[in-house]
Every structure is written in structure tokens, then in C-alpha cells.
Amino acid sequence: MAIVKIYEELSRPDLHNVLLLCLLLLLAVHTWRWMQKTGERIGPPGPFPWPLIGNVAQLGRSPHISFVSMAQKYGAIFQLKLGSRTVVVLNGEHAIRQALIGKAVDFAGRPDFTSFRVVSQGRSLAFGSYGAEWTAHRRLAHSTVRAFSTSNVHTRKAFEQHVLGEVCELVLIFHMRSAGGAYFNPAPSTVVAIANVMSAVCFGNRYSHEDPEFRALLGRNEQFGRTVGAGSLVDVMPWLQCFPNPVRTLFGNFVQLNHDFYSFVHDKFVQHQGSFRDGLIRDMMDSFIQALAGQPGLLQREHVPATVADIFGASQDTLSTALQWLILFLVRYPKVQAKLQEEVDRIVGRDRLPSIEDQPSLPYVMAFLYELMRFSSFVPVTIPHATTTETSLLGYHIPKDTVVFVNQWSVNHDPVKWLNPNDFNPSRFLNESGSLDRDLVSRVMIFSIGKRRCIGEELSKMQLFLFASILAHQCNFNANPGENPSLEAEYSLSIKPKPFTVSMTLRDNMELLDCAVCHMSKEKGNQ
Ligand code: HEM
């Protein structure tokens, strides 16, 4: 009754009522606009953060897997608090593509972390912030990497020679270590072999596998990865630097290892400058020196050692990790090893070694490599990104300078996209006619996408193909029956298998490998 009375009262057309109606209308419009505005500014959902530490305790030992569980609860985009910093986590191909491709510039930044400024004395391409200098830097680095690896048939051949030399040496070392049926840990030699390929390309020289200084320089990849990888506490809890604790120790070691690594590259830079001759480009270092000589521009001479350090550092950690997974999968899945051997024998024959030209004819080798990358997802989360501006993603508001984690593992293990994603099955990448399924391989995400996509992707695929095909052609890897070759991993920027041992037997003798080395030495002598 009361409501009817109010309605009747308001329906009377006097001035008082008209004013009241206008006021109500204004209020409604204002409220609607305010709701719309705040609706746009709602950030992604996420778990409740605890004071001081935020959600650190929820990351566990494998943050990429914890992120997948959280995504099931909160959705593909959610936010966390790590210490003092808000972090937006992107999961699944759709959300990641929307951000890194759809809003490429908005998500192309890097966080202003103290540790990032330590790398390459603050001139790192990989850890530097987005802008005009970074764009010029990346363009130069990318074109130089291509010019020394995949840009044409001559550069491919020259690069192949470096790889071939190192595979031969590696097989020889594995053969010696397996003497009398012994089992050995292949990991340290894989690191030196990969680093030697990149050392030859970057500086024009290689090192003995026994060189203690070179081994010490390379032996600290994991500490590096644990400091800059997603979920590291070094940068999000600055107060941990005020008293002795493991995080402070980790950061101290990180500063020291970056100093040592940069000094190593800088010494090479000084030597190269001393012997540089215009027009005679011996390696990548010379190429960068020439590109930046006396040119007024955004990049200075100091960018030369920084860029080489980035390329040398980024490549040896990732590729040696890939090689360790490769050997582990061979012993863990002997049937896959036999299939690889069958394919290389059938296509290449036993009278010569596989070469880069064989790649299109060896689909199972390529399928094996894609499955290795998908299954291990050994760079599970990219280097942390940051937003360069205030932005929004799939309806959620994200402020400028927000840290963004890109969970590649979630793409590679998405049960909607992959049949039995937790099975290791290279054949999933082959179509009915036995050739590589191009559409499916393009769904594997390990080099990231968008503006920060890895500049070493092509070089890496070529190098891994050569290692995989030559090792399959020449070697039999056997698991240690005293160990269960598990697929357990240690989390860092790149996830590495837990230490394991294998033994290797040659499939023939060393004749083909010896011939290849002899041929290479002759060619070098003729140059
Ligand atoms: C299988 C081997 C490799 C994998 C899986 C890999 C993966 C990655 C990933 C995930 C990123 C971060 C992308 C992002 O933050 O969104 C990256 C960046 C980078 N990678 Fe690689 N990488 C590999 C090999 C290499 C090699 C061989 C080189 C050098 C020739 C290289 C040079 C770089 C550089 C310079 C960046 C920084 C790019 C930027 O910030 O713009 N990587 N890589």
C-alpha cells in the first residue's frame, strides 16, 4: 500500500516531483558510470596474501606446477603477492597470446629488479627494460646471431663444423668414461661441449674439457637461474639483504659470478680490439666491434661485451640443459632410442655422418626434439616480464610496472590441447604419412613469443638436431641398472634433470668421427 502511495505521489506533475526525478536519474547515471569504471579497474583474482611474505609459501619447489593448480581455481590470469611485489601470472596459450602478441608492447618490459641490473653491468639485452635502446640492441644482436648460424647455406655449414667438432670430442670423452662398462655423469661434459660451440662462434676459440677455469666459469649456471628465475625471493623481499640468510648468500654469489663472467668476456673484448682488422671478421665479437665502431647512436662500444656475454650466457645454460634431457630420455625410453637409430641408419646410411641437409628427411629426430622440449618444458616460466604501461587483459586491469610471469609449462601440458600430456611420445608430432605435423609443433612453447621471444631459437634447433642425429648414429646409451633413471628435475630459470649416470658404447668404431675431425683440420689449414 505504501509503495502505491509513493508512486501516486510521484506521478503528480508538480515541480517538486520533476526535480526529484531528475536528481534520481542523475544519481543512477553517475552510479552506473562509476560501476563501469571500477569494473574495468578490477585486477585479476588470486589467493589471499599474508603480510610481509605474500604468497611465497604457496609456490613450493616447482612454481610452474603450483601456478597450474592456482589457475584451476582462479582462472588463466591471476595475481599473487611475492613479498612486496604484485605479480600477474599468465597460464595457457590463449591468455599468453592475448598478452604477448595482442598487447605486445604493453607486456614487453622487464621488472626493475636489483639482480637484473647486475647482469652485464646493466647493459644486458635479456634483462634490460623495453625502449628505443633495447630495440636497437635486439635488432643488432638478432641479425648477428643469424649471420653466424642460420642466415644462409655458408653460415649454416660453418656453424655445423663447430658443432661437429664438439660432438666428436664429446663422443670420445663418453667412450673413455665408459671404459670397462663404467657409468658416468654426462652433465659436466655437455656443458663444456655446448659452451665450446658458442665460444668458437663468439670468440673464435675453444677450451679443453679439463680446463679448470673454464669449467668453474660454466659451473654456476644454476645459481644464476635461481636468482633471476620466476619465484626468486632476491628481488621481492629486499629486507632479506639486511641479515645473514640463504637468500642473501645467493645474491652475494650471484653478484660475484656475474662479475667473473663479465670479466671473462671483457678480457676477450680487449684482446679482440687489439688485433681487430677492418674488414676481417673472425667471429661475433669482431662483428659487434665493427657494427658499433665510432657510430654515434643509441648503442656504445660498451654494448659489445654486454651483448656477447648475453649470447654466450643464454645459449650455454639452455642448450646444455637440453642435451642433458636428451641423454636422459634416450636411456629412459630405449625404444625411442632404437627408433631414432633406425631412422638415421635408413636415411643417412652407415658410411657418413648425418648433416644439416638431412634435417627435412629425419622427421622422427625432429619429433623427438619437439617432444623433449614440450615434455620437459625446461624453461618452464620465461624471464619475468613487466608491463610498460597501464593496461588490461581479458577484462582485468593491470597497472604499469606490474611483474608478469609467463607459464610456458602450462601451454605444453594443457590436457585440452595435448592427448595424455604427461606421456613422453615423440610420435604425437608425426601425421599419418609419417611427416612432421607443422601445426602441432608450432604449439610447443619454450622460446616464448612476442617482442621478447628468444633470439637463439633457430640456432638452437639446428644445434640440437645435429647433436641428436649424430649421437643416435654413433652411440648406444645405456641406463645404470643401479639407478632408477627418474625424470625428477631441479627448478631454476631452466629445469635440469637430477644427476644421473649412463654408460655409452660405440655403434661402430670412431672412423667416421675421426675422418670428420681430420677433414675439418685440413679445411682450417687451407683457410
Ligand atoms: C633450447 C635453447 C633455448 C631456449 C629454450 C631459450 C629460451 C628462452 C626464453 C624462454 C627466453 C625468455 C623470453 C621471454 O622473456 O619472454 C629467452 C630469451 C633470450 N634468449 Fe634464449 N633460449 C635458448 C637458446 C638461446 C640461444 C642459443 C641464444 C643465443 C644465441 C639465446 C639468446 C637469448 C636472448 C638474448 C634472450 C633475451 C631476449 C629479450 O629479452 O629480448 N637463447 N630464451
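All of these numbers come straight from a predicted model, not from anything done at the bench.

1. Description of the overall build of the protein chain
- The number of helices and strands found in the protein chain is 19 helices and 10 strands.
- Counting only C-alpha atoms and orienting by the principal axes, one finds that the protein chain spans roughly 105 × 55 × 50 Å.
- Put simply, the protein chain has 527 residues, and 51% of those count as buried.
- Contacts spanning at least 24 positions in sequence make up 74% of the contacts within the protein chain whose residues lie at least 6 apart.

2. Digging into the site of the ligand
- Taken together, 26 residues surround the ligand, and among them Arg110, Arg138, His385, Ser448 and Cys454 come closest.
- Arg452 has a polar side-chain atom sitting 3.0 Å from an oxygen atom of the ligand.
- Put simply, the parts of the chain that give the shell around the ligand at least two residues each are helix H6 (132–147), helix H13 (303–332) and helix H18 (457–474).
- At 5 residues, the largest contribution of residues to the shell around the ligand is made by H13.
- Across the shell around the ligand, the residue classes tally to 15 nonpolar, 8 polar and 3 charged.

3. With respect to empty space enclosed by the protein
- Counted according to the given criterion, the structure contains 2 cavities of 30 Å³ or more.
- Here the second largest cavity defines a volume of roughly 60 Å³.
- Forming the boundary of the second largest cavity are 13 residues, of which Phe113, Gly229, Gly231, Ser232 and Asp235 lie nearest the centre.
- Broken down by class, the residue content of the lining of the second largest cavity amounts to 8 nonpolar, 4 polar and 1 charged.

4. Observations concerning the pattern of salt bridges
- Counted according to the given criterion, the structure contains 20 salt bridges.
- When the shortest N-O distance is used, the salt bridge between Asp345 and Arg507 registers 2.5 Å. With Asp345 in helix H14 (residues 334–348) and Arg507 in the loop between strand S10 (502–506) and helix H19 (511–526), this pair connects stretches of sequence that are 162 residues apart.
- Here Asp439 makes a salt bridge to Arg443, at a shortest N to O gap of 3.3 Å.
- Connected through shared salt-bridge partners, Asp345, Arg350, Arg507 and Asp508 make up one network.

5. Quick word on unusual backbone geometry
- Even without glycine at this site, Asp401 takes up a positive phi of about 65°.
- By secondary structure assignment, the location of Asp401 is in the loop between strand S5 (396–398) and strand S6 (403–407).
- Taking relative accessible area as the criterion, Asp401 reaches 48% and is therefore assigned partly exposed.
- A positive phi angle is found at Ser448, which is not glycine, with a value near 65°.

6. With respect to the side chain of Thr190
- Topologically, Thr190 is positioned in helix H8 (residues 187–203).
- Here Thr190 is in contact with Leu170, Phe174, Ser320, Leu323, Gln324 and Ile327, once residues within four sequence places are set aside.

7. Structural notes on the UniProt feature "binding site: heme" (unreviewed entry) in the protein chain
- In the UniProt entry, the feature "binding site: heme" (unreviewed entry) is given for Cys454.
- Positionally, Cys454 belongs in the loop between helix H17 (438–441) and H18.

8. Some thoughts on the sheet that holds strand S1 (residues 77–82)
- Across the sheet, which stays open at both edges, the 4 strands sit in the order S1-S2-S6-S3 with mixed pairing between neighbours. Two strands in the sheet have a free side with no partner beyond their single neighbour: S1 and strand S3 (385–386).
- Here helix H3 (residues 63–74) sits on the sheet and contacts S1, strand S2 (85–91) and S6; the angle it forms with S1, its principal contact strand, is near 125°.
- Each of S1, S2, S3 and S6 touches helix H4 (residues 92–102); the most contacted strand, S2, lies at about 120° to it.

9. Here's the deal with H6
- If you check H6, its first and last C-alpha atoms are 23 Å apart, about what 16 residues at 1.5 Å a residue would give, namely 22 Å.
- Within the span of H6, buried status applies to Trp134, His137, Arg138, Leu140, Ala141, Thr144 and Val145. Axial view of H6: buried residues confined to an arc of 170°, hence all on one face. Within H6, the exposed residues directed more than 90 degrees away from the buried face are Ala132 and Arg139.

Calculation notes
Residues numbered from 1 in each chain as written. Predicted model: local features only at pLDDT ≥ 70, side-chain atom pairs only at ≥ 80, totals over all residues. Heavy atoms only, no water. Helix = DSSP H or I, 4+ residues; strand = E, 2+ residues; numbered from the N terminus. Buried < 20%, exposed > 50% of the residue type's maximum accessible area, 1.4 Å probe, protein only. Contact = heavy atoms within 4.5 Å. Near = heavy atom within 4 Å. Polar contact = N/O pair within 3.5 Å; in protein donor to acceptor, adjacent residues only side chain to side chain. Nonpolar A, V, L, I, M, F, W, Y, C, P; charged D, E, K, R; others polar. 1 Å grid on protein atoms, 1.4 Å probe; cavity = no way out; pocket = protein on both sides within 12 Å on 5 of 7 lines; lining within 4 Å. Points joined across faces, edges and corners; volume = space filled by probe spheres on them. Salt bridge = Lys/Arg side-chain N within 4 Å of Asp/Glu carboxyl O. UniProt positions renumbered as here; feature names shortened; annotations may be inferred. Pairing = 2+ DSSP bridges. Axes fitted to C-alpha atoms, helices over the stretch in contact; angles between N-to-C directions. Expected span 1.5 Å × (residues − 1). Arc of directions from axis to C-beta.

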